[in-house]
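# Inside the fold
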Amino acid sequence: MILSIADLEAAASGKLPDATQAFFNSGATNQITVKENSSAFSKYRIRPRVLRDVSNVQTEIDILGKSITFPLCMSPAGVQARAHPEGELATSRACSQKNIHMGVSSFANNSVEDIISAGRNVGGQINYGMQLYTMQDREAEKEIIARAEGAGCKAIFLTADSPILGLRYHEKRSNFKIFDGISFPMVENGWEDKKTQSHDERFISFNSDSHSWDEIAWLRSVTKMEIWIKGVLTAEDVEMAIESGCDGVIVSNHGGRQLDDVVPTIDALPECVKAAQGRIRVHVDGGIRSGADIFKALALGAECCWVGRPMLWGLAYDGQNGVELMIDILYQEFRRCMQLAGCRTVADITPDRLARIGSDGSMSRL
Ligand SMILES: Cc1cc2nc3c(=O)[nH]c(=O)nc-3n(C[C@H](O)[C@H](O)[C@H](O)COP(=O)(O)O)c2cc1C
């Protein structure tokens with residue numbers, strides 16, 4: 001029986017070949033950040049208020065100019081065809097059905113045009129964001145941006161934590177083959193002769209490790225879409241994002257897949273929110289596995305949460321239905337958490353709803 005994200009992870013992982021499991025589930029080097037992204041949530045406990053009327057709970061929020069069902073979006077994660085043959089098309093349909101926005105990876109196995117059409121065809125009106133890497137070939141980068149904008153994307157998510165790829169022992173040891181039998185229609189111009197390259201080799205050959213904050217001005221000159229920075233972990237970089245005129249930041253460490261031993265995102269969130277002072281939108285991803293985790297992130301000041309692996313597990317478990325099941329689980333848990341904590345609206349989820357447990361077991365209010 002699939003009742004929780006942990007159930008879904010177990011069921012999905014059982015269906016995937018070992019090498020794909022290694023690619024999806026693990027992170028960089030010693031797996032410290034992958035683990036701590038989730039475990040860090042347990043430092044926080046909820047302070048519920050009682051005897052509140054929670055008969056009419058409102059979970060909706062406005063993101064990218066549209067109301068979504070609850071404060072959750074789908075992180076851009078590549079290579080979804082390795083989870084299910086329909087890949088991002090199934091994810092897009094599920095998001096559309098559940099009224100949840102979706103991030104599209106540059107490493108998607110379907111084109112942004114097809115991904116958005118798949119969602120629109122099932123009747124929903126969600127928004128999409130295109131994830132982007134700074135590329136060596138600016139013309140190719142410009143083309144991705146133009147295609148994304150033309151297809152209807154509302155935002156660019158510039159991934160800032162990946163000048164090079166993180167070192168992923170599990171991926172190397174399991175000999176994961178990224179290119180076998182699948183295509184990458186957003187970035188694969190001229191890839192036909194490169195199919196024997198590893199993920200690492202391919203990434204190095206197209207991605208630019210000389211990226212900088214100057215890119216924001218260039219992005220502004222080539223698109224009218226919102227510009228978000230994905231992969232910020234410090235107050236200093238939130239300040240840079242504000243100075244550069246970005247619309248938002250996603251506090252993210254790439255799900256622990258880039259630099260291991262960085263701060264868990266839920267611990268980086270408070271300093272980022274404090275630095276933002278409401279001048280820029282602050283979202284978070286990494287290790288979110290329950291409705292209570294979403295509640296805690298909001299109480300710490302995030303406007304919205306994003307999830308990567310839970311989406312991939314849903315997709316691997318049962319395609320579109322599996323992603324819908326994953327969204328339903330998190331929605332029901334989040335709604336129930338709000339009710340039991342005495343919150344009628346998302347705006348009621350404030351810092352005073354949390355306590356922090358110190359290393360000596362003592363509890364302090366935020
Ligand atoms: C298999 C996989 C592929 C990913 N691909 C991308 C990508 O192409 N671009 C990107 O910016 N982030 C990528 N991410 C990171 C996610 O966008 C997100 O930051 C991360 O998964 C959030 O952590 P979580 O998986 O614990 O929810 C990927 C993550 C996974 C697990």
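Placed above this text is the structure.
The sections below set out a description of the structure shown in this document. All values reported here derive from a predicted model rather than from experimental measurement. (Residues numbered from 1 in each chain as written. Predicted model: local features only at pLDDT ≥ 70, side-chain atom pairs only at ≥ 80, totals over all residues. Heavy atoms only, no water.)

As a further point, take empty space enclosed by the protein. Inspection of every chain in the model, using the stated rule, returns one cavity of 30 Å³ or more. If you add up the space inside the largest cavity, you get close to 470 Å³. In terms of lining, the largest cavity is formed by 34 residues, of which the most central are P76, A77, G78, H254 and R257. Residue assignment for the lining of the largest cavity shows that the elements contributing at least two residues are α2 (18–25), β11 (304–307) and α13 (309–340). Among the elements that take part in the lining of the largest cavity, α13 stands out by supplying three residues, more than any other. (1 Å grid on protein atoms, 1.4 Å probe; cavity = no way out; pocket = protein on both sides within 12 Å on 5 of 7 lines; lining within 4 Å. Points joined across faces, edges and corners; volume = space filled by probe spheres on them. Helix = DSSP H or I, 4+ residues; strand = E, 2+ residues; numbered from the N terminus.)

What follows is about the environment of Q31. Among the structural elements, Q31 can be located in the loop between α2 and α3 (32–39). Note on Q31: relative accessible area 10%, which makes it buried. In this structure, the C-alpha to C-alpha distance between Q31 and N175, residues 144 residues apart in sequence, is 18 Å. (Buried < 20%, exposed > 50% of the residue type's maximum accessible area, 1.4 Å probe, protein only.)

What follows deals with the site of the ligand. Taken together, 24 residues sit near the ligand, with P76, S105, T159, D285 and R289 positioned nearest. A distance of 3.0 Å separates a nitrogen atom of the ligand from a polar side-chain atom of Y133. Within the backbone of G308, a nitrogen or oxygen atom sits 2.8 Å from an oxygen atom of the ligand. At a threshold of 2 Å from the grid points, most atoms of the ligand map onto the largest cavity. Secondary-structure elements contributing two or more residues to the shell around the ligand are α2 and α13. (Near = heavy atom within 4 Å. Polar contact = N/O pair within 3.5 Å; in protein donor to acceptor, adjacent residues only side chain to side chain. Sits in = over half its atoms within 2 Å of the grid points.)

Let us look at the pattern of salt bridges. What the rule picks out here adds up to ten salt bridges. The residue R138 makes a salt bridge to E141 at a minimum N-O spacing of 3.8 Å. In this pair, R138 and E141 both sit in helix α6 (residues 138–151), three residues apart, roughly one turn of the helix. Judged by relative accessible area, R138 falls into the partly exposed class, the value being 32%. E141 gets classed as buried once you look at its relative accessible area, which sits at 0%. (Salt bridge = Lys/Arg side-chain N within 4 Å of Asp/Glu carboxyl O.)

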